[in-house]
Amino acid sequence: MKNLKKIKQFAVLSVSTFLAAATLVGCGKSYNTFAPTKEANYLYDTAPAATADYEDYYYPEYEEYSEDYGYNGGVEDKTLDSGSTYSGSNSVKDTRKIIRTVNVDVETVEYDKFIAGLNATVEKLGGYIESEYSYNGSAYKTNKEYKHSSITIRVPDEKLDEVISSFSGNANITQKTTSTQDVTLSYVDTESKKEMYLAEQESLLALLEKAESVEDIVYLTERISQVRYNIESMESTLRTLDDLVSYATLNVSVQEVEIYTPAAVVVEEEKTVGQKMAEGFKASLLDVVYGVRDFFVNLVIASPYIIRFLVIVGIIAGIIVAIVNIIKFNIKRNKKKVAEAQKKLQEIREKEESNDKQN
């Protein structure tokens, strides 16, 4: 009997220590550690697999313990389908849980100023940059390359519109899409199941206090660990959903441009032929002006390369000319030697013919 009491005391102490440690760890977690990721998309529809229904952990022996010690698990009314409820608590908030995501395409003629202003605005409103990709051009290309960025921002939901409004100062919004996801049912379902498991945990702890056999103590201790694991998983899910709801996601695509895209204007009357010609001529003239400007700018930028190319071409041409002159000189010299040899041969033949005639 003494050994049984020691085992029982050890089990209660172990479970109490485990629950206290788990509570401290759970309280120490910050919402910011549950920033949304691609892997967190499952939260929009269902809770994680670890948060299984109560029926998944049903043991016939548990009913026997409940009946023997006069406990019903502390749950008065529960449903275990997708719309599960728990009547023993009123902690579920009667508010909708909406996750908002906005995608914005922006063009600006003052790229660096716009990026600096965006970062300052986000920091001022309590948001943060979740991810960013920027391209600032290449030093190895002569043609002008425009800067561009893709930025993902997390900002308090109530401040999202204020961030977007700040773009109007030195940028032009060319495209905007907004999407929302209602996760109220998933949130309520997860919170209800969490409360159900909390009630079961209290009942199990009470049963553990009254358990008298080693088998009962071992079984109840294992069951408490399983229930606590489910509670931890559901608390993690709820924290993640709270973060996704309280911090909206803003995806900004920034493009540097020379001229802003004309804003769409509703015209009551169709433009005349003269107006169309004037607008077309103006647009063509601007293209020519910018084309000539870019040509001279690129010419100046590329002048060192052009000079290097001309020097190399001049060296190659000089080498070719020198080789050609050497070849010509050798040909002339060879021709002269052949002519002198032929002349000597002709003199020898004439001398021989004159000797033959004298004989």
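Structure: see above.
This one's a predicted model, so the numbers in the text were calculated from it and none came from an experiment. (Residues numbered from 1 in each chain as written. Predicted model: local features only at pLDDT ≥ 70, side-chain atom pairs only at ≥ 80, totals over all residues. Heavy atoms only, no water.)

(A) Region of interest: the overall build of the protein chain. The helix and strand inventory of the protein chain stands at seven helices and five strands. Residue burial in the protein chain is summarised as follows: out of 359 residues, 30% are buried. In the protein chain, the proportion of contacts linking residues at least 24 apart, taken out of those at least 6 apart, comes to 85%. (Helix = DSSP H or I, 4+ residues; strand = E, 2+ residues; numbered from the N terminus. Buried < 20%, exposed > 50% of the residue type's maximum accessible area, 1.4 Å probe, protein only. Contact = heavy atoms within 4.5 Å.)

(B) Structural context of the packing of helix α5 (residues 184–210) against helix α6 (residues 214–246). Relative to each other, α5 and α6 sit at 155°, their axes nearing to 9 Å. Here α5 is positioned roughly antiparallel relative to α6, judged by the angle of their axes. Relative to α6, α5 is oriented so that their crossing is left-handed. Residue composition of the contact of α5 with α6, grouped by class: 15 nonpolar, six polar and eight charged. (Axes fitted to C-alpha atoms, helices over the stretch in contact; angles between N-to-C directions. Parallel < 35°, antiparallel > 145°, perpendicular 65-115°, else oblique. Left-handed = near helix turned anticlockwise from the far one by under 90°. Nonpolar A, V, L, I, M, F, W, Y, C, P; charged D, E, K, R; others polar.)

(C) Main features of the pairing of strand β5 (residues 247–256). Where strand β1 (residues 98–108) meets β5, eight bridges bridge the pair, whose relative direction is parallel. Across the sheet, V104 pairs through a bridge with V252, a residue of β5. Summarising the sheet, strand β3 (residues 148–156) and β5 pair through nine bridges and their orientation is antiparallel. When the sheet's bridge partners are listed, I153 is paired in β5 with L250. (Pairing = 2+ DSSP bridges.)

(D) Spatial organisation of α5. Over its 27 residues, α5 runs 40 Å from end to end, which matches the ideal 39 Å to within 8%, given 1.5 Å per residue. Across the 27 residues of α5, 20 count as buried, placing the element largely inside the fold. (Expected span 1.5 Å × (residues − 1).)

(E) A look at the sheet that holds β3. If you trace the five strands from one edge of the open sheet to the other, you get β2-β3-β5-β1-β4, paired in mixed fashion. Here the strands that pair on one side only, and so sit at the sheet edges, are β2 (128–135) and β4 (172–182). When strand polarity is set aside, the average angle formed by the axes of neighbouring strands in this sheet is 10°. This element, helix α3 (residues 111–124), spans β1, β2, β3 and β5 of the sheet and lies at about 15° to β3.

(F) Examining the packing of aromatic side chains more closely. Counting across every chain of the model gives three aromatic pairs. When the ring of Y128 is compared with that of Y247, the centres are 6.1 Å apart and the planes differ by 45°; the resulting orientation is tilted. Taken as a pair, Y128 in strand β2 and Y247 in strand β5 lie far apart in primary sequence, 119 residues in all. Centroid distance F295 to F296: 5.4 Å. Interplanar angle 75°. Geometry classified as edge-to-face. Exposure remark for F296: the relative accessible area of 49% places this residue in the partly exposed category. (Phe/Tyr/Trp six-rings, centres within 6.5 Å; stacked < 30°, edge-to-face > 60°.)

Note that every value here comes from positions in space, so none of it alone points to a role or purpose.
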